[in-house]
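Examining the three-dimensional arrangement
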Amino acid sequence: MAEKIIIATENAPAAIGTYSQAVKVGSTVYLSGQIPLVPSTMQIVSDDFEAQVVQVFENLTAVCTAAGGSINDIVKLNIFLIDLSHFAKVNEIMSRYFSQPYPARAAIGVKQLPKDSQVEMDGVMEL
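Residues numbered from 1 in each chain as written. Predicted model: local features only at pLDDT ≥ 70, side-chain atom pairs only at ≥ 80, totals over all residues. Heavy atoms only, no water.

In the structure shown here, the tally under the stated rule is 2 aromatic pairs. A centroid spacing of 5.0 Å and a plane angle of 20° characterise the contact between Phe-57 and Tyr-97, whose relative ring orientation is stacked. Residue Phe-57 is located in helix H1 (residues 49-66), and its partner Tyr-97 is located in helix H2 (residues 87-97); the two are separated by 40 residues in the primary sequence. Judged by its relative accessible area of 17%, Tyr-97 is buried. Here the aromatic rings of Phe-57 and Phe-98 are separated by 6.0 Å at their centres, their planes lie at 75°, and the arrangement is edge-to-face. (Phe/Tyr/Trp six-rings, centres within 6.5 Å; stacked < 30°, edge-to-face > 60°. Helix = DSSP H or I, 4+ residues; strand = E, 2+ residues; numbered from the N terminus. Buried < 20%, exposed > 50% of the residue type's maximum accessible area, 1.4 Å probe, protein only.)

Moving on: the packing of H1 against H2. Where H1 meets H2, the axes come as close as 10 Å, and the angle between the chain directions of the two elements is 35°. Handedness of the H1/H2 crossing: right-handed. Of the residues in H2, those touching H1 at Phe-49, Glu-50, Val-53, Val-54, Phe-57, Glu-58 and Thr-61 are Lys-89, Val-90, Ile-93, Met-94, Arg-96 and Tyr-97. Its residues placed into classes, the contact of H1 with H2 shows 8 nonpolar, 1 polar and 4 charged. (Axes fitted to C-alpha atoms, helices over the stretch in contact; angles between N-to-C directions. Left-handed = near helix turned anticlockwise from the far one by under 90°. Contact = heavy atoms within 4.5 Å. Nonpolar A, V, L, I, M, F, W, Y, C, P; charged D, E, K, R; others polar.)

In this section: the pairing of strand S8 (residues 119-126). Here strand S3 (residues 28-34) runs beside S8; their pairing, made up of 5 bridges, is antiparallel. For Thr-28, the partnering residue across the bridge sits in S8 and is Glu-126. Where strand S6 (residues 74-81) lies against S8, 7 bridges are found, and the strand directions are antiparallel. Within S8, the residue paired with Asn-78 across the bridge is Asp-122. (Pairing = 2+ DSSP bridges.)

By size, the foremost hydrophobic cluster in this structure holds 27 residues, and its most contacted members are Leu-31, Phe-57, Leu-77 and Met-121. For this core, the element with the highest residue contribution is H1, accounting for 8 residues. (Core = buried A, V, L, I, M, F, W, Y, C linked by side-chain atoms within 4.5 Å.)

Close approach of charged atoms lets side chains of opposite charge pair. Counted by the stated rule, this structure contains 4 salt bridges. The salt bridge involving Lys-89 is made with Glu-50; its shortest N-O contact spans 3.5 Å. Here the residue Lys-89 occupies a position in helix H2, and Glu-50 occupies one in helix H1, the gap between them amounting to 39 residues. Residue classification places Lys-89 among the partly exposed positions, given a relative accessible area of 33%. (Salt bridge = Lys/Arg side-chain N within 4 Å of Asp/Glu carboxyl O.)

Cis peptide bonds are those with omega within 30 degrees of zero, and the linkage from Gln-100 to Pro-101 qualifies with 0°. Positive phi values are uncommon outside glycine, yet Asp-116 reaches one of about 55°. Checked against the element boundaries, Asp-116 lands in the loop between strand S7 (104-109) and S8. On the accessibility criterion, Asp-116 (58% relative accessible area) is exposed.

Rendered as C-alpha coordinates:
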(Lines give C-alpha, C1' and ligand atoms only; values in the text may rest on other atoms or scores of the structure.)
Protein backbone atom coordinates (compact mmCIF):
# COMPACT_ATOMS: atom_id res chain seq x y z
CA MET A 1 0.00 0.00 0.00
CA ALA A 2 1.20 3.50 -0.84
CA GLU A 3 2.24 5.78 1.99
CA LYS A 4 -0.32 8.29 3.27
CA ILE A 5 1.12 11.79 3.70
CA ILE A 6 -0.90 14.23 5.78
CA ILE A 7 -1.11 17.73 4.32
CA ALA A 8 -1.52 20.62 6.77
CA THR A 9 -1.13 24.37 6.54
CA GLU A 10 -1.77 27.34 8.82
CA ASN A 11 -3.03 29.20 5.73
CA ALA A 12 -6.29 27.25 5.83
CA PRO A 13 -8.62 26.59 8.76
CA ALA A 14 -7.44 23.94 11.20
CA ALA A 15 -9.43 20.72 11.15
CA ILE A 16 -12.37 21.00 13.55
CA GLY A 17 -12.89 17.27 13.86
CA THR A 18 -11.23 13.92 13.42
CA TYR A 19 -9.82 14.55 9.96
CA SER A 20 -6.87 16.09 8.11
CA GLN A 21 -6.97 19.08 5.78
CA ALA A 22 -5.82 16.74 3.01
CA VAL A 23 -4.20 13.34 2.53
CA LYS A 24 -1.77 12.53 -0.28
CA VAL A 25 -1.43 8.97 -1.55
CA GLY A 26 0.95 8.60 -4.47
CA SER A 27 0.25 11.56 -6.74
CA THR A 28 -3.39 11.94 -5.65
CA VAL A 29 -4.45 14.39 -2.95
CA TYR A 30 -7.82 14.04 -1.24
CA LEU A 31 -9.00 17.45 0.00
CA SER A 32 -11.30 17.57 3.02
CA GLY A 33 -14.32 19.81 2.97
CA GLN A 34 -13.64 23.51 3.39
CA ILE A 35 -16.19 25.92 4.77
CA PRO A 36 -15.75 29.72 4.80
CA LEU A 37 -13.71 29.95 7.99
CA VAL A 38 -11.02 32.61 8.18
CA PRO A 39 -7.88 30.68 9.22
CA SER A 40 -6.65 33.28 11.71
CA THR A 41 -9.95 33.56 13.61
CA MET A 42 -11.70 30.25 12.83
CA GLN A 43 -14.89 32.29 12.35
CA ILE A 44 -17.18 32.40 9.30
CA VAL A 45 -15.96 35.23 7.05
CA SER A 46 -19.38 36.88 6.67
CA ASP A 47 -23.07 36.15 6.15
CA ASP A 48 -22.62 37.32 2.54
CA PHE A 49 -22.84 34.37 0.13
CA GLU A 50 -20.20 35.67 -2.31
CA ALA A 51 -17.73 36.32 0.52
CA GLN A 52 -18.29 32.77 1.76
CA VAL A 53 -17.61 31.23 -1.66
CA VAL A 54 -14.45 33.32 -2.12
CA GLN A 55 -13.20 32.26 1.34
CA VAL A 56 -13.79 28.59 0.54
CA PHE A 57 -11.81 28.91 -2.70
CA GLU A 58 -9.03 30.71 -0.82
CA ASN A 59 -8.95 27.90 1.76
CA LEU A 60 -8.84 25.24 -0.96
CA THR A 61 -6.06 27.18 -2.73
CA ALA A 62 -4.00 27.20 0.48
CA VAL A 63 -4.35 23.45 0.97
CA CYS A 64 -3.55 22.76 -2.69
CA THR A 65 -0.41 24.89 -2.37
CA ALA A 66 0.60 23.06 0.81
CA ALA A 67 0.24 19.79 -1.09
CA GLY A 68 2.66 21.01 -3.76
CA GLY A 69 0.15 21.95 -6.42
CA SER A 70 -2.42 24.57 -7.31
CA ILE A 71 -6.18 24.79 -7.35
CA ASN A 72 -6.02 24.03 -11.09
CA ASP A 73 -4.71 20.55 -10.19
CA ILE A 74 -8.15 19.67 -8.78
CA VAL A 75 -9.69 17.03 -11.04
CA LYS A 76 -12.94 16.54 -9.09
CA LEU A 77 -14.74 19.21 -7.08
CA ASN A 78 -17.85 18.72 -4.95
CA ILE A 79 -19.83 21.82 -4.00
CA PHE A 80 -22.43 21.63 -1.25
CA LEU A 81 -24.97 24.47 -1.11
CA ILE A 82 -27.86 25.11 1.24
CA ASP A 83 -29.56 27.08 -1.57
CA LEU A 84 -29.11 25.88 -5.15
CA SER A 85 -30.43 29.20 -6.48
CA HIS A 86 -26.87 30.50 -5.85
CA PHE A 87 -25.48 28.11 -8.47
CA ALA A 88 -24.88 30.83 -11.11
CA LYS A 89 -22.94 32.94 -8.58
CA VAL A 90 -20.75 29.93 -7.72
CA ASN A 91 -19.98 29.49 -11.44
CA GLU A 92 -19.01 33.14 -11.77
CA ILE A 93 -16.69 33.04 -8.74
CA MET A 94 -15.25 29.66 -9.75
CA SER A 95 -14.18 31.13 -13.10
CA ARG A 96 -11.86 33.50 -11.18
CA TYR A 97 -9.97 30.56 -9.66
CA PHE A 98 -9.93 27.90 -12.39
CA SER A 99 -8.76 27.93 -15.97
CA GLN A 100 -9.78 25.43 -18.64
CA PRO A 101 -9.91 22.52 -18.69
CA TYR A 102 -12.21 22.72 -15.67
CA PRO A 103 -12.44 19.88 -13.15
CA ALA A 104 -15.27 17.39 -13.05
CA ARG A 105 -17.80 18.76 -10.59
CA ALA A 106 -20.98 18.11 -8.66
CA ALA A 107 -23.21 20.71 -7.01
CA ILE A 108 -25.36 19.24 -4.28
CA GLY A 109 -28.17 20.89 -2.35
CA VAL A 110 -28.10 20.10 1.36
CA LYS A 111 -30.22 21.11 4.34
CA GLN A 112 -27.43 22.32 6.61
CA LEU A 113 -23.63 22.68 6.75
CA PRO A 114 -21.16 22.97 9.64
CA LYS A 115 -21.24 26.26 11.55
CA ASP A 116 -24.32 27.24 9.52
CA SER A 117 -22.18 28.09 6.50
CA GLN A 118 -23.91 28.42 3.13
CA VAL A 119 -21.28 26.52 1.13
CA GLU A 120 -18.73 23.75 1.54
CA MET A 121 -16.38 22.22 -1.02
CA ASP A 122 -14.11 19.20 -1.14
CA GLY A 123 -12.20 17.61 -3.96
CA VAL A 124 -9.49 15.43 -5.38
CA MET A 125 -6.34 16.76 -7.00
CA GLU A 126 -3.77 14.98 -9.13
CA LEU A 127 -0.17 16.16 -9.02
